[in-house]
Amino acid sequence: VDQMLTGFDSKWINTLYLDKMLEYANIIQAFSRTNRLFGADKPFGTIRYYRKPHTMEENINRAIKLYSGDKPLGLFVDKLEENLKKLNSIYDEISELFCNAGVENFEKLPDDLADRGKFSKVFKEFNDVFEASKIQGFSWDLELNFDETTYLTLVQRYKELSTSGDGTSGNEEVPFDIDGYITEIDTGKIDADFMNSRFDKFLKILEQGDADETKKTLNELHKSFASLTQEEQKYANLLLHDIQSGNISIDKNRTFKEYIAQYQANAEDSQIAKLVELFGLDGNKLREMLGTEVTETNLNEYGRFDELKDSVDKVKAKLFFEALEGIRIPPFKINMRVHNLLKDFVINGKL
């Protein structure tokens, strides 16, 4: 309605539907209602007009020519078809980057810092185009050089840029400009069904005793590991080693990722038990901290980290560090060592 052509903006609304003819100032006013940007979810507004589309297109061109002084403004974004070409082109660039770094199937980040920096920049550009395409009607049925699993795998690698590269939080300052929106994308829906199908096939072939087919199926399974964090890949390989060695009996009702989670939990429990034995600390408090998303910023939220440190048996801690370093250590330095060791374990999950 005409009364909404001025003074109305909504950052949540990105599409204006028109079923009437507009000219000149009214076109500019109406189209401007979609110009309130809202991050990656709304990089631009969308206009859909239904009445006499060819005439409206002429009206739009005349209005823009008049009010822009006949200067090119880049007013309209690329259409979906052009954005799909961009996505394929940028994906090919990313694929070449990983390939040249000797990384197959995007299973981990390149080792070289310059390659990681390049990936950070290029994938940000890729995701910007991807988000724009989603507004324009993108679907995974379109002809692309990549699929949804590959995209989410790349998101997983991008998330690891802000960590130590293995899916765990690191202490070093991240040398890349990381887009927080991308790191919030849920990668939990990566196609676990495909991984489980490869796992089931591997188990069947292994039972048949065909060495060549076992190796081939194992390679297929390894290719699906790219969707896992580096930490999860480590436990996945341990699981496969135990299966091939006959050290574990497989329950076919459990998924591959459930086994990986079990291995991770077992490793964590083992490390917690080791810390409890060495320092006499409160294992329950430690588990509570490990069960939350702990960062440098919220480490001592509500004094929880101080409480954990207070539960440490100072005598045991002194005996441990002095035996480890072979020297006498004053109490205040023991406290520093306890602080650093527990902090590293809580944030990084490693001793």
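Here's what I pulled together on the structure shown here. Only a predicted model underlies this, so the values are computations on that prediction, with no experimental measurement involved. (Residues numbered from 1 in each chain as written. Predicted model: local features only at pLDDT ≥ 70, side-chain atom pairs only at ≥ 80, totals over all residues. Heavy atoms only, no water.)

**Digging into the packing of aromatic side chains**
Working definition: an aromatic ring pair is given by the centre-to-centre distance plus the angle between the planes. According to the stated counting rule, one finds 22 aromatic pairs in the structure shown. Aromatic pair Phe-98 and Phe-106: ring centres 5.1 Å apart, planes at 80 degrees, arrangement edge-to-face. Residue class for Phe-98 comes out buried when judged on its relative accessible area of 1%. Of note, Arg-254 hangs over the ring of Tyr-259, and the distance from its end group to the ring centre comes to 4.7 Å. (Phe/Tyr/Trp six-rings, centres within 6.5 Å; stacked < 30°, edge-to-face > 60°. Buried < 20%, exposed > 50% of the residue type's maximum accessible area, 1.4 Å probe, protein only. Lys NZ or Arg CZ within 6 Å of the ring centre and 35° of its normal.)

**Brief notes about helix α14 (residues 331–348)**
End to end, α14 covers 25 Å across 18 residues, agreeing with the expected 26 Å (1.5 Å per residue, within 8%). Residues of α14 that are buried include every one of Ile-334, Val-338, Leu-342, Phe-345, Val-346, Ile-347 and Asn-348, and no others. Buried residues along α14 sit in contact with α10 (256–279), α11 (283–290), α12 (304–310) and α13 (314–325). Gly-349 occupies a position one or two residues after α14 and carries a positive phi of about 75 degrees. (Helix = DSSP H or I, 4+ residues; strand = E, 2+ residues; numbered from the N terminus. Expected span 1.5 Å × (residues − 1). Contact = heavy atoms within 4.5 Å.)

**Points about a nonpolar patch on the surface**
A cluster of nonpolar side chains, namely Tyr-24, Ile-28, Leu-66 and Tyr-67, defines an oily patch on the protein surface of about 380 Å² accessible area. At the level of elements, α1 (24–31) and α2 (53–67) are the ones that each hand at least two residues to the nonpolar patch. Looking at where Leu-66 falls in the secondary structure, it is placed in helix α2. (Patch = residues over 30% accessible without salt bridge, like charges linked within 9 Å, V, L, I, M, F, W, Y side chains within 5 Å. Areas by Shrake-Rupley, 256 points an atom, 1.4 Å probe, with all protein chains shown as cover. Salt bridge = Lys/Arg side-chain N within 4 Å of Asp/Glu carboxyl O.)

**Focus: the packing of helix α4 (residues 113–135) against helix α5 (residues 148–159)**
At a closest axis distance of 11 Å, the pairing of α4 and α5 adopts a crossing angle of 135 degrees. By the angle between their directions, the pair α4 and α5 is classed as oblique. Judged by the sense of rotation from one axis to the other, the crossing of α4 with α5 is left-handed. Across the interface between the two elements, Phe-119, Ser-120, Phe-123, Phe-126, Asn-127 and Phe-130 from α4 touch Tyr-151, Leu-154, Val-155, Arg-157 and Tyr-158 from α5. Across the contact of α4 with α5, the residue classes tally to eight nonpolar, two polar and one charged. (Axes fitted to C-alpha atoms, helices over the stretch in contact; angles between N-to-C directions. Parallel < 35°, antiparallel > 145°, perpendicular 65-115°, else oblique. Left-handed = near helix turned anticlockwise from the far one by under 90°. Nonpolar A, V, L, I, M, F, W, Y, C, P; charged D, E, K, R; others polar.)

**Thoughts on the nonpolar core**
With 29 residues, the main nonpolar core has Leu-87, Ile-94, Phe-119, Phe-123, Phe-126 and Tyr-151 as its most contacted residues. Mapped by element, the contributors of at least two residues to this core are α3 (80–100), α4 and α5. (Core = buried A, V, L, I, M, F, W, Y, C linked by side-chain atoms within 4.5 Å.)

**Some thoughts on the environment of Leu-218**
With respect to the element layout, Leu-218 can be found in helix α8 (residues 211–223). Taking the C-alpha atoms as reference points, Leu-218 and Met-21, 197 residues apart in sequence, are found 63 Å from one another. Discounting chain neighbours no more than four positions away, the residues touching Leu-218 are Phe-202, Leu-240 and Gln-244.

**Re the packing of α1 against α2**
Each pair of packed helices can be summarised by the angle the axes make with each other and by the distance between the axes. It is the contact of α1 with α2, at a shortest axis distance of 9 Å, that shows an interaxial angle of 90 degrees. Classed by the angle they form, the pair α1 and α2 counts as roughly perpendicular. Taken together, the residues of α2 that come into contact with α1 (itself represented by Tyr-24, Ala-25, Ile-27, Ile-28 and Phe-31) are Asn-59, Ile-60, Arg-62, Ala-63, Leu-66 and Tyr-67. Tallied by class, the residues present in the contact of α1 with α2 amount to nine nonpolar, one polar and one charged.

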